[in-house]
Amino acid sequence: MTKQVVIIGGGIAGPVTAMAMQKAGLDPVVYEAHGHGADGVGAFLTLATNGLEALHLLDLDRQVTGLGMGTRRMRIVSGTGKRLAEFDNGGLTSFGTPSRTLRRADLYRTLRDEALRRGIRIEYGKQLRDARQGDDRVHADFADGTSADGDLLVGADGLWSRTRSLLDPQAPAPRYLGLLNTGGFATGLALDGEPGAAHFVFGTRCFFGYLIHPNGDVWWFANPGRRTEPTAAELASITPEQQRAELTELFSRDAGPALQIIDATEHIIGSWSTYDLPTVPTWRNERMVIIGDAAHATSPSSGQGASMAIEDAVVLARCLREHRDTAVALAAYETARRARVERNRRPGQAKRQRQGTRTGRARRPRPHPADRHADDRPPRRPAVDV
C-alpha cells in the first residue's frame, strides 16, 4: 500500500501533487533542487478551464481565481492589421470562471504557500542524483549527500527531468523549436481592447501576443526566431539594449501596438529558448512515475502545459487511493492519462510542422494558443475526482 510519497520538483506541479496526495490520505514530501523558491521568476501563463476544474477538486480554485485576469476570448490579426480569427477561449467552468491568465510567480507563490499552510513539508537544495527501487520501497539520493525513502517517487521535475532519465536512460531529450521567448509588463498605456482578451499578431518577421489587464497594464510576449539553439551563455550575453533594439526592428514593419507596448516596458524579460518533448515511451516503473512537463511537455502554443500537469496530479492521487498496489495504481494512471495528453499534443504539433514564416533567418513554426482548434480543446471538466 502506498503511504509515503517522495515528490521531486517544487515548481507548480510539485505542490499541487502534494496537496492531491494529502487529500487522498497519503504523506507527501516535496524536494526542490534549487536552494530557494521561485518567487519572482517567469512571465505569465494561462490556466485553461479544465485546469481550473482540477484545482477546484483540491479546493484551490478560490485562491487562483483571485489572481491575474479572466481570458474569455482570443483575437488573431496579421501584421497588416487584418482580422484573421476571433473565438471563445473554452467557455466557463462549472463554477462560472473563464480561463485565467496570471503571472507565473503569483501562481507558484500561491500554491506553495497553500501547501505549507496545509502542513506539507518542502525541502530545498535537494537535487536528485539517483533513485532505485527495492521490493517495497524507493530510495532517492540527492547531490548534497542526503537521501529520502518512500513507497513512491513522483517526478514533477519539469522539462529537463532527472527522474525521466533515471526511468529510461534512452528517453528522448527536449526538442528545440527554433524560437526564443521574451516579454514583459508595460505600464502607462491606454490601449483599446477588451480587458483580459488575448490578442495575437502574426507579424511579418515575428509573432507577438498581448493582453490588457483590467488595471490598464499590458502583459505581452514575443517569439524571435533562432535557427540554431543558443547556449545559456549566449542568451545571458544579450544585453537589455540589444534585446529591445532587436524587437523594435522585428516589429517595425507591422501595424498594431507592438512597438508602443515594447517602448512602455521598463524591464524586458531575458530571452529563453522554446522546447517541446517528443513522445516519452516510459512514464513509470513499479515505484516511480513522471507527471507534467517531465512526461509530456508541449510548446507554449498548446495553452495546456500547467492545466495538464494539474490534471495529472489529481488523476494520480485518485488512482493511488483506489488501488492498494502501487504498481497497479501507476498503470491505471498511465492508462487514464496517456491518450489524453497525446491527443492534446497532436493538433499543435501538426500545425507547427505545416506552418512557417519569412524571417530572413529561419523558416520556423509560428506558435500561438490558437493552435488549439475549437474541436480539439479538452473538455472543460477534467472527469477526475479525488
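The paragraphs below set out a description of the structure included in this document. (Residues numbered from 1 in each chain as written. Predicted model: local features only at pLDDT ≥ 70, side-chain atom pairs only at ≥ 80, totals over all residues. Heavy atoms only, no water.)

**Digging into the overall build of the protein**
Helix and strand counts for the protein come out as eleven helices and 18 strands. Counting every position in the protein, which comprises 386 residues, the buried fraction comes to 58%. Expressed as a percentage of contacts within the protein between residues at least 6 apart in sequence, the contacts between residues at least 24 apart total 72%. Within the structure as shown, the protein displays about 16300 Å² of accessible surface, and the carbon and sulfur contribution to it stands at 48%. (Helix = DSSP H or I, 4+ residues; strand = E, 2+ residues; numbered from the N terminus. Buried < 20%, exposed > 50% of the residue type's maximum accessible area, 1.4 Å probe, protein only. Contact = heavy atoms within 4.5 Å. Areas by Shrake-Rupley, 256 points an atom, 1.4 Å probe, with all protein chains shown as cover.)

**Points about the environment of Ile269**
Structurally, the position occupied by Ile269 is in strand 17 (residues 268-276). For Ile269 and Gln243, which are 26 residues apart along the polypeptide, the C-alpha to C-alpha distance reads 9.3 Å.

**Overview of the packing of aromatic side chains**
Taken as a whole, this structure holds 14 aromatic pairs when the rule is applied. With centroids separated by 6.3 Å and ring planes inclined at 55 degrees, the aromatic side chains of Phe200 and Phe221 adopt a geometry described as tilted. Note that Phe200 is positioned in strand 14 (residues 198-202) and Phe221 in strand 16 (residues 218-223), a separation of 21 residues in sequence. Of the two residues examined, Phe200 and Phe221, each falls in the buried class. Among the aromatic residues, ring-to-ring pairing joins Phe200, Phe202, Phe207 and Phe221 into one connected group. Sitting above the plane of the Phe185 ring, Arg103 keeps its charged end 3.7 Å from the centroid. Residue placement shows Arg103 over the ring face of Trp219; its charged tip is 5.5 Å from the ring centre. (Phe/Tyr/Trp six-rings, centres within 6.5 Å; stacked < 30°, edge-to-face > 60°. Lys NZ or Arg CZ within 6 Å of the ring centre and 35° of its normal.)

**Some remarks on helix 10 (residues 305-322)**
Compared with an ideal rise of 1.5 Å per residue, which puts 18 residues at 26 Å, helix 10 spans 26 Å between its outermost C-alpha atoms and is within 8% of the ideal. Along helix 10, 15 of the 18 residues are buried, which leaves the element largely enclosed by surrounding structure. (Expected span 1.5 Å × (residues − 1).)

**Overview of the sheet that holds strand 3 (residues 44-47)**
Spatial ordering of the open sheet is given by 3-7-4, a layout of three strands whose pairing is antiparallel. The open sheet is flanked by strand 3 and strand 4 (69-70), the only strands paired with a single partner. The sheet contact formed by strand 4 and strand 7 (residues 100-103) spans two bridges and is antiparallel. For Gly70, the partnering residue across the bridge sits in strand 7 and is Arg100. Along the sheet, helix 4 (residues 104-117) contacts strand 3 and strand 7; its crossing angle with strand 7, the most-contacted strand, is approximately 85 degrees. (Pairing = 2+ DSSP bridges. Axes fitted to C-alpha atoms, helices over the stretch in contact; angles between N-to-C directions.)

**Here we look at the packing of helix 1 (residues 13-23) against helix 4**
Look at helix 1 against helix 4: their axes get within 9 Å of each other, and the N-to-C directions meet at 35 degrees. With respect to the hand of their crossing, helix 1 and helix 4 are arranged in left-handed fashion. Here helix 1 contributes Pro15, Val16 and Met19 to the contact with helix 4, which in turn contributes Leu111, Arg112, Glu114 and Ala115. Split into classes, the residues belonging to the contact of helix 1 with helix 4 amount to five nonpolar, no polar and two charged. (Left-handed = near helix turned anticlockwise from the far one by under 90°. Nonpolar A, V, L, I, M, F, W, Y, C, P; charged D, E, K, R; others polar.)

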